[in-house]
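Each chain, letter by letter, is given below.
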Amino acid sequence: MEASEGRQGDDYTVASADIEAFHKNGFVHLKGVLSEAEVVSLEEEYMKFIRREIPVEGRDFCDMSSDYTKPLEEYSIINIMLPSRYNSSLRSNIYERCAASIAQQLCGPEMVFDYDQLLAKPPSRTDGVFSWHQDLAYWPVTKDTRTASFWLAIDNSSMENGCLRFVPGSHLEKELRHHGPLHGDRDKSHTLAATLGDTDIEMPVEICRGDVTVHHERTLHGSGGNFSSNSWRRAWVLAFRSKSAVEEERRIGFTHSHNDSLQVLNQVGIENVA
Ligand SMILES: O=C(O)CCC(=O)C(=O)O
């Protein structure tokens, strides 16, 4: 790493090789974005959501690996949408400020915060499989496609506890892959799933606490279950898109809340589920 690369205050200077890798592969792993002390303070807030000390409305608290009937204490991928909507003191935290700096270097100065999300797999939830998908299958298609989706590891994230896996280069495909609702219909669960083809190469990316991966809205990705008996796999997602794309989403009433009446399954188009 050059002396000028990495963290300085609210900025994280991305190496030119990493910018290139992001555009070529559709994702990149950046090390040491947050310090241990910074992760500890985010982790405290994170656990207030997990313990349900901060109320989260309806389907914004759900399990992404199963349908809505699963009892809360058995969730395998605890999914909390829009934590900063439910705890506004989280807005503009140090992670968001560093992610903004990175997003602008990867995709340009127009990049702004779109949404946040917490995704936690408790230990020994071997069925905590996050189905293969492209984020765009869940989102409205916007004119400006630039996206930097951050995935911050709160725990060391490994093959054993269910780290992210990507299909490099899949973001460059012209057509979105076919996705279908994992449980047959969006009223049973929010989750969409695509299947990999024989020629797809999956690349697991193991990262340390305080590191991030950043991916594009068309990069195929997913993750396996948590086979560790003592380690959680907790991640904090922040998505940045261009200001015009976020405005386009909000104009049609799309906020990434699972309680929005408007949901998207992109092979079918936009559906009103409420
Ligand atoms: O945390 C996971 O396993 C999946 C995360 C994901 O799909 C995302 O960050 O877009």
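Owing to the predicted nature of the structure, the values given are computational and were not obtained by experimental measurement.

Would you explain the pairing of strand β13 (residues 212–215) in this entry?
The two faces of a sheet get side chains in turn, since along a regular strand they alternate between them. Along β13, one buried face is formed by Val-212 and Val-214 and the opposite face, lined by Thr-213 and His-215, is buried too. Both strand β3 (residues 27–30) and β13 contribute to a ladder of four bridges, which runs antiparallel. Residue pairing across strands places Leu-30 opposite Val-212, the latter belonging to β13. Bridge count for strand β8 (residues 147–153) against β13 is four bridges, and the pairing is antiparallel. The residue of β13 that forms the bridge with Trp-151 is Thr-213.

Any chance you could explain the side chain of His-179 here in plain terms?
Within the secondary structure, His-179 is located in the loop between β9 (164–166) and β10 (180–181). On the basis of relative accessible area, His-179 is assigned to the buried category, the value being 1%. Within the structure, the side chain of His-179 is placed 2.9 Å from the backbone nitrogen of Gln-134, a separation counted as a polar contact. A polar contact of 2.9 Å, which involves the side chain of His-179, links it to the backbone oxygen of Arg-177.

For this particular structure, what's the right way to read the sheet that holds β3?
Whenever strands of a sheet pair, they do so through backbone hydrogen bonds, lying parallel or antiparallel. Sheet architecture is open: seven strands sit in the order β3-β13-β8-β15-β6-β5-β4, paired in antiparallel fashion. Of all strands in the sheet, those with a lone pairing partner are β3 and β4 (61–63), marking the two edges. Averaged over neighbouring strand pairs, the angle between their axes works out to 20° when direction is ignored. In terms of strand pairing, β4 meets strand β5 (residues 78–81) through three bridges, oriented antiparallel. Directly across from Phe-61, in β5, lies its bridge partner Ile-80. Sheet contacts for helix α2 (residues 36–50): β4, β5, β6 (111–121), β8 and β15 (233–242); angle to β15, the most-contacted strand, approximately 105°. Packed on one face of the sheet, helix α5 (residues 243–251) meets β6 and β15 and runs near 100° to β15.

Can you walk me through the site of the ligand in this structure?
In the vicinity of the ligand, the contacting residues are Leu-119, Phe-130, His-133, Asp-135, Trp-151, Leu-164, His-215, His-221, Ser-223, Arg-233 and Val-237. A distance of 2.9 Å separates an oxygen atom of the ligand from a polar side-chain atom of His-221. Here an oxygen atom of the ligand and a side-chain polar atom of Ser-223 are 2.6 Å apart. Of all the secondary structure elements, the ones that give two or more residues to the shell around the ligand are β7 (130–133), β14 (221–223) and β15. Of the residues contributing to the shell around the ligand, the split by class is five nonpolar, four polar and two charged.

What am I meant to see in the sheet that holds β14 here?
Spatially, the four strands line up as an open sheet ordered β7-β14-β9-β12, and their pairing is antiparallel. Of all strands in the sheet, those bounded by a partner on one side alone are β7 and β12 (203–204).

Teacher, can you tell me more about the environment of Thr-142 here?
By the element assignment, Thr-142 lies in the loop between β7 and β8. Residue classification places Thr-142 among the buried residues on the basis of a relative accessible area of 6%. Separated by 30 residues in sequence, Thr-142 and Leu-172 place their C-alpha atoms 16 Å apart. Side-chain polar atoms of Thr-142 contact the backbone oxygen of Asp-144, separated by 2.9 Å. In terms of polar contacts, Thr-142 uses its side chain to reach the side chain of Arg-241, at 3.2 Å.

Looking at this model, I keep getting lost on the packing of helix α1 (residues 16–25) against helix α4 (residues 94–107). Mind explaining?
The axes of two packed helices give the description: the angle between them and the distance between them. The N-to-C vectors of α1 and α4 enclose an angle of 70°; their axes lie 10 Å apart at closest approach. Between α1 and α4, the angle falls in the class roughly perpendicular. In this structure, α1 meets α4 at a crossing whose hand is right-handed. Of α4, the residues touching α1 (which contributes Ile-19, Phe-22 and His-23) are Gln-105, Leu-106 and Cys-107. Here the contact of α1 with α4 is composed, by residue class, of four nonpolar, two polar and no charged.

Help me understand α5, please; the structure alone is not making it clear to me.
Spacing of three or four residues puts side chains on the same side of an α-helix, whose turn is 3.6 residues. Every buried residue belonging to α5 is among Ala-245, Val-246, Glu-248 and Glu-249, and all of these are buried. Here the buried residues of α5 occupy an arc of 155° about the axis, which is enough to place them on one side. Among the residues trailing α5, Gly-253 stands out with phi positive, at a value near 90°.

Can you help me understand the packing of aromatic side chains in this one?
Geometry of an aromatic ring pair is reported as the spacing of the ring centres plus the angle between the planes. Here the structure, examined in full by the defined rule, presents seven aromatic pairs. Pairing Phe-150 with Phe-240 gives two aromatic rings, centres 5.8 Å apart and planes at 75°, and the pair type is edge-to-face. Of this pair, Phe-150 sits in strand β8 while Phe-240 sits in strand β15; the two residues are 90 residues apart in sequence, bridging distant segments of the chain. By relative accessible area, Phe-240 is classed as buried at 2%. Following the ring pairs from residue to residue traces out a cluster consisting of Tyr-46, Tyr-95 and Trp-236. The cationic tip of Arg-52 hangs over the ring face of Phe-61; the distance from NZ or CZ to the ring centre is 3.6 Å.

Conventions adopted
Residues numbered from 1 in each chain as written. Predicted model: local features only at pLDDT ≥ 70, side-chain atom pairs only at ≥ 80, totals over all residues. Heavy atoms only, no water. Buried < 20%, exposed > 50% of the residue type's maximum accessible area, 1.4 Å probe, protein only. Helix = DSSP H or I, 4+ residues; strand = E, 2+ residues; numbered from the N terminus. Pairing = 2+ DSSP bridges. Polar contact = N/O pair within 3.5 Å; in protein donor to acceptor, adjacent residues only side chain to side chain. Axes fitted to C-alpha atoms, helices over the stretch in contact; angles between N-to-C directions. Contact = heavy atoms within 4.5 Å. Near = heavy atom within 4 Å. Nonpolar A, V, L, I, M, F, W, Y, C, P; charged D, E, K, R; others polar. Parallel < 35°, antiparallel > 145°, perpendicular 65-115°, else oblique. Left-handed = near helix turned anticlockwise from the far one by under 90°. Arc of directions from axis to C-beta. Phe/Tyr/Trp six-rings, centres within 6.5 Å; stacked < 30°, edge-to-face > 60°. Lys NZ or Arg CZ within 6 Å of the ring centre and 35° of its normal.

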